[in-house]
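# Geometric and topological summary
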Amino acid sequence: MAKPFIKPILSPEEAARKVKSEKSLMLGGFNYGGAPYTMIDAINEAGTKDIDMICVGTSYYNDKVTEPVGIAKLVLAGQLRSLIASHIGLNKRTQELYTNGELPIELIPMGTYVERIRAGGAGLGGFLSPIGIGTDYEKGKQIIEAGGKRYILEPPLRADVAIVSAYKADRFGNLIYRGTSRNFNPTIATAGDYVIAEVDEIVEIGELDPETIITPGIFIDALVVKGANPYASKA
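Residues numbered from 1 in each chain as written. Predicted model: local features only at pLDDT ≥ 70, side-chain atom pairs only at ≥ 80, totals over all residues. Heavy atoms only, no water.

Judged by side-chain polarity, Phe 5, Phe 172 and Ile 205 come together as a nonpolar surface patch covering roughly 310 Å² of accessible area. The residue Ile 205 is located in the loop between strand 11 (192-203) and strand 12 (222-225) in this model. Among the residues examined, Ile 205 registers a relative accessible area of 41% and is labelled partly exposed. (Patch = residues over 30% accessible without salt bridge, like charges linked within 9 Å, V, L, I, M, F, W, Y side chains within 5 Å. Areas by Shrake-Rupley, 256 points an atom, 1.4 Å probe, with all protein chains shown as cover. Salt bridge = Lys/Arg side-chain N within 4 Å of Asp/Glu carboxyl O. Helix = DSSP H or I, 4+ residues; strand = E, 2+ residues; numbered from the N terminus. Buried < 20%, exposed > 50% of the residue type's maximum accessible area, 1.4 Å probe, protein only.)

Right, let's get into helix 5 (residues 110-122). Since the α-helix advances by 3.6 residues per turn, residues separated by three or four positions end up pointing in the same direction. Given a rise of 1.5 Å per residue, 13 residues ought to cover 18 Å, and the 18 Å separating the end C-alpha atoms of helix 5 matches this to within 8%. Residues Thr 112, Tyr 113, Arg 116, Ile 117, Ala 119 and Gly 120 constitute the buried set of helix 5. Relative to the axis of helix 5, the buried residues are bounded by an arc of 160° and lie together on one face. The positive-phi residue at the C-terminal boundary of helix 5 is Gly 123, with phi of around 75°. (Expected span 1.5 Å × (residues − 1). Arc of directions from axis to C-beta.)

Under the definition given, this model contains one cavity of 30 Å³ or more. Of the pockets and cavities examined, the largest cavity occupies roughly 60 Å³. Lining of the largest cavity is provided by Gly 28, Gly 29, Phe 30, Asn 31, Ala 35, Tyr 37, Ile 40, Cys 55, Val 56, Gly 57, Ser 59 and Ile 71. Across the lining of the largest cavity, the residue classes break down as seven nonpolar, five polar and no charged. (1 Å grid on protein atoms, 1.4 Å probe; cavity = no way out; pocket = protein on both sides within 12 Å on 5 of 7 lines; lining within 4 Å. Points joined across faces, edges and corners; volume = space filled by probe spheres on them. Nonpolar A, V, L, I, M, F, W, Y, C, P; charged D, E, K, R; others polar.)

With that settled, consider the environment of Pro 12. Its place among the elements puts Pro 12 in helix 1 (residues 12-16). Between the C-alpha atoms of Pro 12 and Met 26, which are 14 residues apart in sequence, the distance is 16 Å. With near-sequence residues (within four places) excluded, Pro 12 lies in contact with Thr 38, Met 39, Ala 42, Val 224 and Gly 227. (Contact = heavy atoms within 4.5 Å.)

The next point concerns the sheet that holds strand 6 (residues 127-129). Taken together, the three strands give an open sheet; going across it, the order is 6-8-7, and neighbouring strands pair in antiparallel fashion. Two strands bound the open sheet, and with one partner strand each, they are strand 6 and strand 7 (143-146). Adjacent strand axes in the sheet meet at a mean angle of 45°, parallel and antiparallel pairs treated alike. Judged from the three bridges that link them, strand 6 and strand 8 (residues 149-154) form a sheet pairing that is antiparallel. Across the sheet, Ser 129 pairs through a bridge with Ile 152, a residue of strand 8. Relative to the sheet, helix 5 contacts strand 6 and strand 8, its axis offset from that of strand 6 by approximately 170°. (Pairing = 2+ DSSP bridges. Axes fitted to C-alpha atoms, helices over the stretch in contact; angles between N-to-C directions.)

The quantities given are spatial measurements derived from coordinates; they are silent on function.
See the structure below:
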C-alpha cells in the first residue's frame, strides 16, 4: 500500500490518457528549453484530438524541417482545437492554420501570458495590465480606469491538465530544475487541475536538498520519467 503523499509514477502512455479530447492542456517550456518532450510524443501517439492548448509557443517548424519537434507534432497532426500562446513566429504551419481560420489563436504578450497563469495558480480573478493599451490588442477586452490610467483586465489562465518538465523529483513530487529549462515550468505547475511532472530522475524522500526545491510536491499529481520508465513496477 502506497504511503500518504507518495506520487504515482506513470508510464508516458498512462499519463497521456489523462489528457482528454475537448479539454485544456497547459505545457511548460520555451521552444526547445524545458519542454516535456516525452509526454508530448505520448500525446501525439495517443492521437488525442480537439485539445485546447496553452503554451508559450509551438516549436520550430517550416518546409525545410523534415521532422517536427515537440508541440509542432501536435500542430501538424491536427490535434489542437484552439491555442493560447505568445510566439508562433517560428512555426509556419501554425501561422497557416490561423490565417486560414482553421485554428483559433489568442496571442498574448509573454509577460502577460505567465502572469495570467500565475493568477490562475494563485486563485486570483485576474490582474490589471497597461500592456496593449492604445493598440489593437485592447479591442474586445474589458478596460478599467484606476489612478487616472487605463488598464486591461487580464483574466487568469488554468488548464484541466498541466505538464511540466523538471530535472529531479522525489517520491513526494518535490521538484528541482536545471538552468534556463526552469523557465515557465514552476508557474505552470500551480495552474492545472491535474499536474504531471516529467523528470530526468526520481530519488527517494530526503535525497533532495530542501534549499534547492522550487516546486513543492503538493502541486504535483503524478510523475513520468523521461524516456523509458524503470520505476513502472514500483508505482
